[in-house]
Structure formats: C-alpha cells, structure tokens
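For reference, the chains in residue letters:
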Amino acid sequence: MAKLILVRHGQSTWNAANRFTGWVDVPLNHVGRQEAMEAAKKISSYQIDLCFTSLLVRALETTAICLTECDGACSGKSPVFKHDTDDPSWHGWDHYSGGKSKEVPIFMSPDLDERYYGELQGFNKAEMAQKVGKDIVHQWRRSFSVRPPKGESLEDTAARTIPFFQNRILPYLKQGDNVLVSAHGNSLRSIIMYLDHLSQEEVPNLELATGIPIVYDIDEGGKFTKKTVLK
C-alpha cells in the first residue's frame, strides 16, 4: 500500500509568540527546527517518492529538514524543489537532463498555504481574546464556516486544498507512490476532514501539533485504510 504522510511545519517564530500568522511568511525557530528533525527520524522507515508543500518558508524549511535529516526516507536520493516554469518571473536556470531518477521532487503550491487570517494577522491571540471575547476568537480559529475579519474560513481553505489533493496528490498515491505533504494547521485540517469524513460539528475539535507526522495507508483504489500518528 502507498503511504500518505502529513506533517504540520515545526514551531515558527510567531507560533512561539502566540500571534496569528496566516500568510505572513515567518521562519521556524530553534524549537521548530528540532521538531522537524524529530519528524525526520519518525518517517525515516518510509521511502518518500515525492513531496508537496506550500509556498511559505516555515513549511519549506520543514520539508527540507524532513528529507535531509533522515537515514532512509530519501534512500540516497536528493530532494529537489520544483518551481513553476509557467511563472514569467522564474529564470528557469534549474533545467537539467540527467539523474532525475536520483531525486525526490518537491512540488510547491499556494493551494496548500495556511488559511488567510485577514485583519487578525500579526495580533497576539490571547490579547485578541481579551478584546473581543474568547468565544469569538475560538469561532474564528476552529469553526468550519465563520471567517475572521476579511480572512478565510476553514470552508474557504478546504475549497482550494481538497481539489488540489484530489487532482494533484491522490493520483500519485493510487499508482503506489509514497507522498509527504508538509503544510499548515488549517490546510492540513481541511484535508484530514476530507480523509476522515469529519462533519462540520466534529472539525472544531481537530487539533494538529507541530512536527508530528500522520501516516495514512492507501490502497490502489484510493481507499484510506489506516491512520497512524507518529508521536
């Protein structure tokens, strides 16, 4: 069976400061890099064939660490970030011909970015809860359809993550490839909601820790048969 490995990025500088991050492109801190290294050890028994990640640096850093700080996951292959060659700003200097069988391709997409927190981005979560109330902040953070001011709800996030999963990631799993997805709390929550058939009432209770891999077994028909959390 193919393996789907989901991992939320390690702790970022703004996670540590308890700030709403969303699309603000902040890096991992020391703790986050250590969490990513621990995640690398936990997935080392799985041979990764390819990876998908968001465009945000905290997910990119986690991806690189997971695929380089492990003994077995890449099986001697080199991870290579694949840029969008249709982007007119991309110079295309990464073109090469030989050795592609010795790489683990990493595909980057904004469809896997964290949910957009709109006007909340940058604010401390506890201070915002004092200002507007804990229940309101909880709804903004955990409900399915409630949007933060000028931001995305989890429903909005799912509208881009789930089609991306179905169209880009699932075909590789169906052909037997092991896939690592390094992304964010809410982009992964929306995918897990789809995989685990969670209702809108159940999803607020879904919490994802940073740097903890979640492994699904997938058969050739695309059926998800087992879920393991590598704590």
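Model, not experiment: these values are computed from the prediction.

**Student:** Mind showing me how you'd approach the overall build of the protein here?
**Tutor:** Scanning the protein from terminus to terminus reveals seven helices and seven strands. When the helices and strands of the protein are placed in sequence order, the string is β-α-α-β-α-β-β-α-α-α-β-α-β-β. Dimensions of the protein, computed from C-alpha atoms along their principal axes, come out at roughly 55 × 40 × 35 Å. Within the protein, the fraction of its 231 residues that count as buried is 47%. Once local pairs closer than 6 in sequence are excluded, the contacts in the protein between residues at least 24 apart make up 75%. Here the protein has roughly 11,300 Å² of accessible surface; of this, 50% comes from carbon and sulfur atoms. Computing the positive centroid from 27 side-chain charges and the negative centroid from 29, the protein places the two 4 Å apart.

**Student:** How should I be thinking about the pattern of salt bridges in this particular structure?
**Tutor:** Should the charged atoms of two oppositely charged side chains come close, the side chains can pair. The tally for this structure, following the rule as stated, stands at eight salt bridges. Ionic pairing is found between arginine 142 and glutamate 207, a salt bridge with its closest N-O pair at 2.9 Å. One end of the pair, arginine 142, is in helix H5 (residues 134-142); the other, glutamate 207, is in the loop between helix H7 (185-195) and strand E6 (214-218), with 65 residues separating them in the sequence. Take arginine 142: its relative accessible area is 12%, and that puts it in the buried class.

**Student:** Looking at this model, I keep getting lost on empty space enclosed by the protein. Mind explaining?
**Tutor:** Over the atoms, a rolled probe matching the size of one water molecule traces out where space is still vacant. A complete count under the given rule lists one cavity of 30 Å³ or more for this structure. Forming the boundary of the largest cavity are Leu6, Val7, Arg8, Leu188, Leu208, Ala209, Ile212 and Ile214. Considering only residue class, the lining of the largest cavity consists of seven nonpolar, no polar and one charged.

**Student:** How should the sheet that holds strand E2 (residues 50-53) be read in this particular structure?
**Tutor:** Where strands meet in a sheet, backbone hydrogen bonds hold them as pairs that are either parallel or antiparallel. Spatially, the seven strands line up as an open sheet ordered E3-E4-E2-E5-E1-E6-E7, and their pairing is mixed. Bordering the open sheet on either side are strand E3 (78-82) and strand E7 (224-229), each of which pairs with just one other strand. On average, adjacent strands in this sheet sit at an angle of 20 degrees to one another, irrespective of strand direction. In the sheet, E2 pairs with strand E4 (residues 103-108) via three bridges, with the strands oriented parallel. Opposite threonine 53, over in E4, you have methionine 108 as the bridge partner. Strands strand E1 (2-8), strand E5 (179-183), E6 and E7 of the sheet are contacted by H7, whose axis makes an angle of about 145 degrees with E1.

Rules and cut-offs
Residues numbered from 1 in each chain as written. Predicted model: local features only at pLDDT ≥ 70, side-chain atom pairs only at ≥ 80, totals over all residues. Heavy atoms only, no water. Helix = DSSP H or I, 4+ residues; strand = E, 2+ residues; numbered from the N terminus. Buried < 20%, exposed > 50% of the residue type's maximum accessible area, 1.4 Å probe, protein only. Contact = heavy atoms within 4.5 Å. Areas by Shrake-Rupley, 256 points an atom, 1.4 Å probe, with all protein chains shown as cover. Lys, Arg positive; Asp, Glu negative; His and termini not counted. Charge placed at Lys NZ, Arg CZ, Asp CG, Glu CD. Salt bridge = Lys/Arg side-chain N within 4 Å of Asp/Glu carboxyl O. 1 Å grid on protein atoms, 1.4 Å probe; cavity = no way out; pocket = protein on both sides within 12 Å on 5 of 7 lines; lining within 4 Å. Points joined across faces, edges and corners; volume = space filled by probe spheres on them. Nonpolar A, V, L, I, M, F, W, Y, C, P; charged D, E, K, R; others polar. Pairing = 2+ DSSP bridges. Axes fitted to C-alpha atoms, helices over the stretch in contact; angles between N-to-C directions.

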